[in-house]
Each structure stands twice: as structure tokens, then as C-alpha cells.
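# Topology and contacts: notes
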Amino acid sequence: MALLLEEAQRLMAERDPAALIRHVCTAARPLTQASYVGVGVVDDDGAIDEFVAVGLDETVVAELRQSLAANHDHPARATFASREVVRGVNPGGDPVAICLPASHPPVHSYVFVPVASPSRVYGWLALVEKEDAGVFSDEDTQVASTLGAMAGMAYENARLVAQLQAQTDELRQHEEQTDFAMTAARSGVSYRDLGSSFVELSPSIAQLFGFPPDVRRLSQDELYERVHPDDAQLIRAAVQKAIDERGEFALEFRLLTTQDGPRWFQFRGRVVTNEDGEPARVVGVVTDVTERRLLELQLRQSQKMEALGQLAGGVAHDFNNLLTAIMGYGRFALETAGDNAQRHDLEEIVKAASRAAALTKQLLAFSRRHMVETAVLDLNLLIVDMVTMLRRMIGENIELATTLASGLSHVRADSSQLEQVVMNLVINARDACGSGGHIRLVTEAVNVDSALAARTPGLNRGGYITLSVIDNGIGMSEETKSKLFEPFFTTKPRGQGTGLGLATVYGIVVQSGGAIRVESKVGVGSTFIVYLPREQEIAQSAGRALESTVATSSQTVLLVEDEQAVRELVRIILERAGHRVVEAATPEEALEHFNAMESVDLLLTDVVMPAMSGFDLFHTLVERQPSLRVLFMSGYTDYATFEPTIADKGGAFLEKPFSADALIGKVREVLGR
């Protein structure tokens, strides 16, 4: 009994089912003086699941397991089929006589008892061959039965513990996977029992909110301390309404973090009721939507800038038509002006019109409809060439320094426009510095990744050359930064700025395939970072010079322009140069004149007209007269690049507003080709 009690304690302490079975075999031998002991465990269908034996050779054990599995008449099967104790003698000792393999040692006596708990039979315990070829007694059988019962209960407990451990491990793994997924999705779960002021948090929420990773429970007051003051009351009201209506809620709020300022979170949840239908718990899912908010803001800003660009381009086009007429007729009037006072007035009119033309060029640059002549440039050399001029421009009270990275690749841009970008940014930095400070120009080769591209409108992944203009001036608020590149927006006093400088920078950079990013804080200063695509090789371009040939005789020009003032001005200029001009206010009228004329030397046409563009008109006429020359004019300079079919026929472009000399020179150039 003492031995049984000791073994019982050992069995109950064992949590590994396989180890428990081996221990039962080992313990049964000294308790019953059996030469060989075996334990078999069967599954729900009666098939042997596990089998352990002690005292036998491993080869014999393997054969014994096979014979037990194949022989359904084996006496051991009665023990787990009906909880019976099978006890017997085999006087001859032949193992085959009791369904054992021939390789088994002689067996004269045996006992089979069930290994079972009160609820289930798990297998059997076999005592084979009493020491000294004796016979197992009633006491041996009782001890074996007791050991089998203890083994059955211990095995059941061990299996339950193993199952519970497996379920716990699976649950832990599931929780870890769920928390990993929620962390990756920047989401988390929270809940609060309505009778408590404490909120339970998932690990991912603690991380999102900036709490230590082991924080799982916080008071409502501690959480609301992190919420933006303008949003805290919104959350309380939405949750309370859901409690009152036993419904759901959804809102977005800002959380004050110690990182990069407030972050936006989406909070969706519902109220869980108890058995009586009363509100018992509030459960919510919180998701960080800062990046989505930022992308939406960038999209709206991009759409706004695109709309402003279209508006600016349209305004500039209309103004170019008006300025063409004003400047043209103004110069005509100057030719016949008599007294000095009249001449002075006319000169002022022409000067004002010229300044207005310069403004329209800036509007066209912002709207990315300005004519550009791109070439592969060394950004460092361009800055070095400008430094002296920039220092004179900003004054001696502001320090200008450069940090130019060596080994930069080249960029493709219009050199004059790129100089305008540098100059405008430096002027902007000078104005921010006031009476003193320093400005630094920095160039660098960078590779833009997906994260940076997502935060910067118009920027794609890839290699770029950056130009950073850094100042230690007054800096800007977020509201100012949001309007910075809009045309006519300025923080300068009335009369001290047009608000087109940074708008022009924006248009030039975007038209060059780049992007611009601004970093600024009030009282700290500002950094403007211009990204230009990096050129891997210097392009070698060769072009042939076009020689202008002065017309030696009068040429016939078909003039098509829907703006009457511009059309009449161009006719006067051409007729003064000795050309014969046929006017048309619309493409349809031009087709009628063309059909009535013997031949036309030059088609001089506006590009944008009702019903038919100047390009389409030329395509129609050149089919009838292949030798026809064409000169396009427009206030939209993005039409300066022609499709191949027009370029191959020697088409040319003249930007509005233009002078009489520029028009005559371009006409002679086209007719002389």
C-alpha cells in the first residue's frame, strides 16, 4: 500500500501522457514481481495508439505490437472492450498459445487489467510471467487493478492538461497573430464595463497611444488627457448617445502624441447589452488614419492646385490676347507721336503692358503652360554661377552659404527657369530673415522611397537631385504652408509682392517632372526642398541652325484669329511688311476663303478657337495644298511642341504677346525654309 501510494503521487504529478505510460510499466514490475509488463492505449475505434513494454527486447516489442493490432481475439482486448480483468495460466509456457509472437519468452502466467477512469477505458496493463514461473495471485491482480485505475485517472488528467495547454498555446498564438495584425494595421480594441471608469486596452492600442507596452488598463480621465481638447467632448457625446440608444457610434478624433504632433484616429464601436437588455459594456475599435488623412489632404491640395493652374492658364491666355493688342497699337501710336508729353504717356502704357505680360508669363509657369527649352544641366555649376548675383540681391546683412555635394548626376530642365526657381526661393528666404540671418543652399543626390513619396504630392519613387534652400527666419504656420503655392497668396504688406513668386516656382518644378516639399515651424525657420529627376547620362543633342531669309516679294497670308483686336493688329503689321493678308474670324470662314483663293503661301492661325483648333485647320488645308507653310500663335505656350506630322512640315510657333518685329521675323523665317 505504501508503494502504491508513492506511485499514485508520482502518477498524479506527471503531466506528459507518454511519460506517464512508461512510468506505469516501470512501477508495475516491483509491485507485482512480473517479469514483463506492457501498457497499451487504444483510440476511439479500438486501434492501438500507443504501446510500451519493459523487460523485452525492442524487436520482440515491435512484433508484439503488430500481433496485438492484427489479432482481435487477443485476451487483452476484453479488458478495454468491457472493463474485464483477464487472468490465466499457460502450463506449457508456449507464447503462441496465448496469441503472443513466437519470439516472446515463455509465459506461464498472465494478468490483463483495464487502464481506465470512471468515465472511459483508455487501454490495458499486462503483467506477464511471474518471477520464478509462479502464478499471479489475487493480491497481484488487485494491486494491478488499483495501479490501472490510478493510471487511468492520471492519464485522463494528463490528457486534459495537455489539451488545455494546447488550447492555451493556440489561443496565445492566435492572440499574438491578432495583435500583430492589428499592430500592422495600426488598429486596436478597447472596452469598458459601464459600471467601471476604467478602459481595457489591447497591446496594439497601448502602442498606438504611446503608453508602455505592458499597460492594459487605464482610467477614462487618463485617456482623455491624450485626446485633443476640441475632440474629447465629441467622443463623450457619441458614446453616450450610443448608450442611450443601445446602438453604434463612429467618429474620428485627434490624439496628442509626443512624436510629430496630433495623429488622427477612427473610433468605431457599439454597446453590448446584458440578459435584461440593459447596456452593459462599450466595445470599440480604434484605427490610426493619419496617413489616410494626409493623403486626402494632399489629394485635395493637388486638385486645388490643378484647378488654380487651369484658371491661371485661362486668364493668362485671355490677357495675352489683350496685351498683344495693347502693346501693338501702343507701339504704332509711338511711331506717330508728336510732342514729348504724348510720347511719355504712350511709353508708360507700353511699359505697363510689358509688366503685365511678365505677370502672365508667371501665371503660365504656374499653370505649366509656359514654353520650356530643356537641356541636361549641372545643378552645382548653375548655383555657383548665381552666387555672386544672389549675394548682391539679398544684401550684406544676410549670410549666404552653399553646401554642394560632389559627384552629383545631372538634371534636365530649362536653365533660365531653374535660375528663376533659385532666385525666387532665395528672395523668399531673404524676406523671412528680415534684417539679418543666414541662408544656406544645399544640393544632394537622394533615392526616394515609398514612404517619402506618399507624404509629398507629385513625388514618385526613384533617384532625384535635391536643392534645399534653408533659412533661420520667422517660419510659417500650418495654415500659411497650406496656401503657400497658390497664385496671388502673399504674407507681405499690400503693394510689396504679387504673390506669384512661389506659384511660379511650383509650376516650373512640376513642369520639370519634379516636386517641392516645405518644412517650417513658426520662429524656427523654413526649408524648401526641390526634387528634380536625376539624369544618368549627359544627353548630346545636335540641331541644325535655321537661317532666316528675308522675303523678296509679297506673300499671301491667310490669317485666322477669333480675337478681333489681335486679328486687326496682325493684319496691319503684315500689310506694312508688304504681304497680302486675307482675314478669317473662324476656321469655317478660313475654309471658305481658302477655297476661293488660287494659292496661299502661309497659314497664320491661332491654336485655340471654337469648333476647330488651328492644328485641325492646318491638317485640312495641307491635304489640299501640300506646299502650305504654317505659323501658329497662342497665349498657351504648351502648344509649342507639335505632333510629328506638323513638325515635319516646318510648322513654327509664336508666343503671345509679341512685337511687330518678332512677328515679321518669324514669318520671314517660316517662308524662307
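Everything below is about the structure printed above this text.
All figures in this text were calculated on a predicted structure; none of them were measured in a lab.

What follows concerns the sheet that holds strand 20 (residues 580-584). Two strands in a sheet stick together by hydrogen bonds in their backbones, pointing the same way (parallel) or opposite ways (antiparallel). Strand order in the open sheet made by the 5 strands is 20-19-21-22-23, with parallel pairing throughout. The open sheet has two edge strands, strand 20 and strand 23 (652-655), and neither has a second partner. Between one strand axis and the next, the sheet turns by 20 degrees as a mean value, whatever way the strands run. Looking at chain direction, strand 19 (residues 556-560) and strand 21 (residues 602-606) are connected through 4 bridges and run parallel. Paired with valine 557 across the two strands is leucine 602, which belongs to strand 21.

As a further point, take unusual backbone geometry. The amide bond that connects lysine 656 to the next residue, proline 657, takes the cis arrangement and shows omega of -10 degrees. Here alanine 611, not a glycine, exhibits a phi torsion of approximately 75 degrees, which is positive. Structurally, alanine 611 is set in the loop between strand 21 and helix 18 (614-624).

Another point: the sheet that holds strand 2 (residues 48-54). Overall, antiparallel pairing links the 5 strands, which are arranged 2-1-5-4-3 in an open sheet. Looking along the sheet, the strands with just one partner apiece sit at the ends: strand 2 and strand 3 (86-89). Recorded for the sheet is a direction-independent mean angle of 15 degrees between the axes of neighbouring strands. Pairing geometry for strand 1 (residues 34-42) and strand 5 (residues 121-130), over 7 bridges, is antiparallel. Pairing of glycine 40 across the sheet is with tryptophan 124, part of strand 5. Seen against the sheet, helix 2 (residues 17-32) touches strand 1, strand 2 and strand 5 and runs at an angle of roughly 150 degrees to strand 1. Sitting on the sheet, helix 3 (residues 58-70) touches strand 2 and strand 5, and the angle it makes with strand 2 is about 140 degrees.

Between the first and last C-alpha of helix 3 there are 19 Å, a value that for 13 residues agrees with the 18 Å anticipated at 1.5 Å per step. Of the positions making up helix 3, those classed as buried are Val60, Val61, Leu64, Ser67 and Leu68. What you see down the axis of helix 3 is that its buried residues fit within an arc of 125 degrees, all on one side. Helix 3 presents Glu58, Gln66 and Ala70 as exposed residues on the side facing more than 90 degrees away from its buried surface. Among the structural elements, strand 2, helix 4 (77-82) and strand 5 are those in contact with the buried residues of helix 3. The opening residue of helix 3, the one whose side-chain oxygen lies 2.9 Å from the backbone nitrogen of threonine 59, is aspartate 57.

As enumerated under the stated definition, the model contains 19 salt bridges in all. Residue glutamate 278 is joined to arginine 246 by a salt bridge in which the shortest nitrogen-to-oxygen separation is 3.1 Å. Here arginine 246 lies in the loop between helix 8 (229-245) and strand 9 (248-255) and glutamate 278 lies in the loop between strand 10 (263-273) and strand 11 (279-288), a separation of 32 residues in the sequence. Aspartate 288 is the partner of arginine 263 in a salt bridge, and the nearest nitrogen-oxygen pair spans 2.9 Å.

How two helices sit against one another is set out by the angle between their axes and by the gap between those axes. At a minimum axis distance of 10 Å, the contact between helix 16 (residues 564-576) and helix 20 (residues 660-671) shows a crossing angle of 65 degrees. When the axes of helix 16 and helix 20 are compared, the crossing they make is right-handed. For the pair helix 16 and helix 20, the contacting residues are Val570, Ile573 and Leu574 in the first and Ala660, Leu663, Ile664 and Val667 in the second. Here the residues of the contact of helix 16 with helix 20 sort into 7 nonpolar, no polar and no charged.

Thresholds applied
Residues numbered from 1 in each chain as written. Predicted model: local features only at pLDDT ≥ 70, side-chain atom pairs only at ≥ 80, totals over all residues. Heavy atoms only, no water. Pairing = 2+ DSSP bridges. Helix = DSSP H or I, 4+ residues; strand = E, 2+ residues; numbered from the N terminus. Axes fitted to C-alpha atoms, helices over the stretch in contact; angles between N-to-C directions. Contact = heavy atoms within 4.5 Å. Expected span 1.5 Å × (residues − 1). Buried < 20%, exposed > 50% of the residue type's maximum accessible area, 1.4 Å probe, protein only. Arc of directions from axis to C-beta. Polar contact = N/O pair within 3.5 Å; in protein donor to acceptor, adjacent residues only side chain to side chain. Salt bridge = Lys/Arg side-chain N within 4 Å of Asp/Glu carboxyl O. Left-handed = near helix turned anticlockwise from the far one by under 90°. Nonpolar A, V, L, I, M, F, W, Y, C, P; charged D, E, K, R; others polar.

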